[in-house]
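# Survey of secondary and tertiary structure
Below are the chains, spelled out letter by letter.
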Amino acid sequence: MSGPAWHEPTLATLTGRRFSDEHWLFEPKFDGVRAVGVRDTGTPKLYSRNRKEMNDSFPELVEALTTCGRQRFVVDGEIVAFDGRNTSFAALQPRIHLTDPRRARATGMTVYYYLFDLLYLDERDTTELPLRQRKTMLRDAFEFTDPVRYTTHRNTDGERYFRQACGRGWEGVIAKRADAAYHSGRSSDWLKFKCSQGQEFVIAGFTDPQGARLGFGALLLGYYENGRLRYAGKVGTGFDESLLGSLHAQLRDGEMPSSPFTDQVREPGAHWVSPSLIGQIEFTEWTRDGRLRHPRFSGLREDKNPTEVVRETPGNEDVTENR
DNA sequence: TTCCGACAGTGGGGTCGCAAT
DNA sequence: ATTGCGACCCCACTATCGGAA
């Protein structure tokens, strides 16, 4: 890199392993949009993970980067909006695609740019330096005033930090190897510890497969509320080929002509099945529209009656479970 | 030889922009 | 005015293949 220029960001690898290790440090996992900030003396640019320029969506962040005291730099961070105390992708979403900076500002949604890495400063490419050193340089290089913020990290006790993060309703924690150079693309030097949710859902339909897919595309999921079957969205991942085949056979046996849902489900070509199978589904959160976000299938549940399947909320936990 | 990482392909919710209806 | 579609954001997961160990 001869000057400050776009650099493909590091992507963290999901892991179920939690650990504490003196060679690793721990950061909050934000629920926002990844952004690489580049300035070569002129107007700073904000780029998405796929190198799409986002200046028009976040004009106040561009402005803040202009006045932060440095002429030539490349930084890595996350653009976030808050819903209460926590970062919220849903809150940010209406701004992401806006192409008119005046409209972006007019949304009234306050956004912040949390910086957590430094790739270039003044005349120097810093990507080969160890992470800890890059972070120190980053912290010292800029005047952090809203909406640009420095991302604080923990040096110790990653497991405890993870538990606290989940308790606060965060998305999770990113663990980073403290002595590693900056690596573009997917890397095992950065690991995601995700706080996940899961519960059972009734399977009440399925969609046709696309392309080379076998069996079915996705399962249509529901839960009972006051004796009526509410729609909770679809799940289309988590199956291997044999499960796609065997589940599809079971579903065909239970097919029925009309929708068992009380909600209108607009799903062209959907097949309806009598709600007797129950699936365990992992997901990140409920969306505003009552659908599952990032759902994945983790198995069939044989130990429950479909009518017992309800939407679980904090304080509405099934006391027979010990998750 | 076995294992691992990168990649392609399938699937999810949501939003905007634009063309077709 | 409404609807449908693609292109983006956020993703999870499986299958495959080639190179590293």
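Just so it is clear, the model here is predicted, and its values are computed rather than measured.

Averaged over chain A, the pLDDT score is 88; the fraction of residues at 70 or greater is 96%. Considering only residues more than four positions removed or in separate chains, one finds that residues 315-323, a stretch of pLDDT under 50, has eleven contacts.

A word on the layout of surface pockets. Where empty space is left can be seen by rolling a probe of water-molecule size over the atoms. There is about 790 Å³ of room inside the second largest pocket. If you trace the second largest pocket, you find 30 residues lining it, with Gly32, Val33, Arg34, Arg49 and Glu78 closest to the centre. Breaking the lining of the second largest pocket down by element, the ones donating at least two residues are strand E1 (10-14), strand E2 (24-28), strand E3 (33-40), helix H2 (89-96), strand E10 (172-177) and strand E11 (185-194). In terms of residue count, the dominant contributor to the lining of the second largest pocket is E11 (four residues). Of the residues in the lining of the second largest pocket, the class split is eleven nonpolar, six polar and 13 charged.

Burial analysis of strand E13 (residues 219-225) places six of its seven residues in the buried class, the great majority of the element. Here four bridges tie strand E12 (residues 197-206) to E13, and the two strands are oriented antiparallel to one another. Its bridge partner being in E13, Val202 is matched across the sheet by Gly222. For E13 and strand E14 (residues 228-235), the ladder comprises seven bridges, and the chain directions are antiparallel. When the bridges of E14 are listed, Gly222 appears paired with Tyr231. Hairpin geometry of E13 and E14 is characterised by an intervening segment of two residues between the two adjacent antiparallel strands and by a positive phi of about 50 degrees at Asn226.

In terms of domain boundaries, chain A breaks down into domain 1 (10-194) and domain 2 (197-308). Distance between the C-alpha centres of domain 1 and domain 2: 36 Å. Every contact between the two is made by four residues of domain 1 and, on the other side, four residues of domain 2. Across the contact surface, domain 1 and domain 2 share one salt bridge.

Parameters and conventions
- Residues numbered from 1 in each chain as written.
- Chains lettered and ligands numbered in written order.
- Predicted model: local features only at pLDDT ≥ 70, side-chain atom pairs only at ≥ 80, totals over all residues.
- Heavy atoms only, no water.
- pLDDT = per-residue confidence, 0-100.
- Contact = heavy atoms within 4.5 Å.
- 1 Å grid on protein atoms, 1.4 Å probe; cavity = no way out; pocket = protein on both sides within 12 Å on 5 of 7 lines; lining within 4 Å.
- Points joined across faces, edges and corners; volume = space filled by probe spheres on them.
- Helix = DSSP H or I, 4+ residues; strand = E, 2+ residues; numbered from the N terminus.
- Nonpolar A, V, L, I, M, F, W, Y, C, P; charged D, E, K, R; others polar.
- Buried < 20%, exposed > 50% of the residue type's maximum accessible area, 1.4 Å probe, protein only.
- Pairing = 2+ DSSP bridges.
- Domains from an automatic or database assignment.
- Salt bridge = Lys/Arg side-chain N within 4 Å of Asp/Glu carboxyl O.

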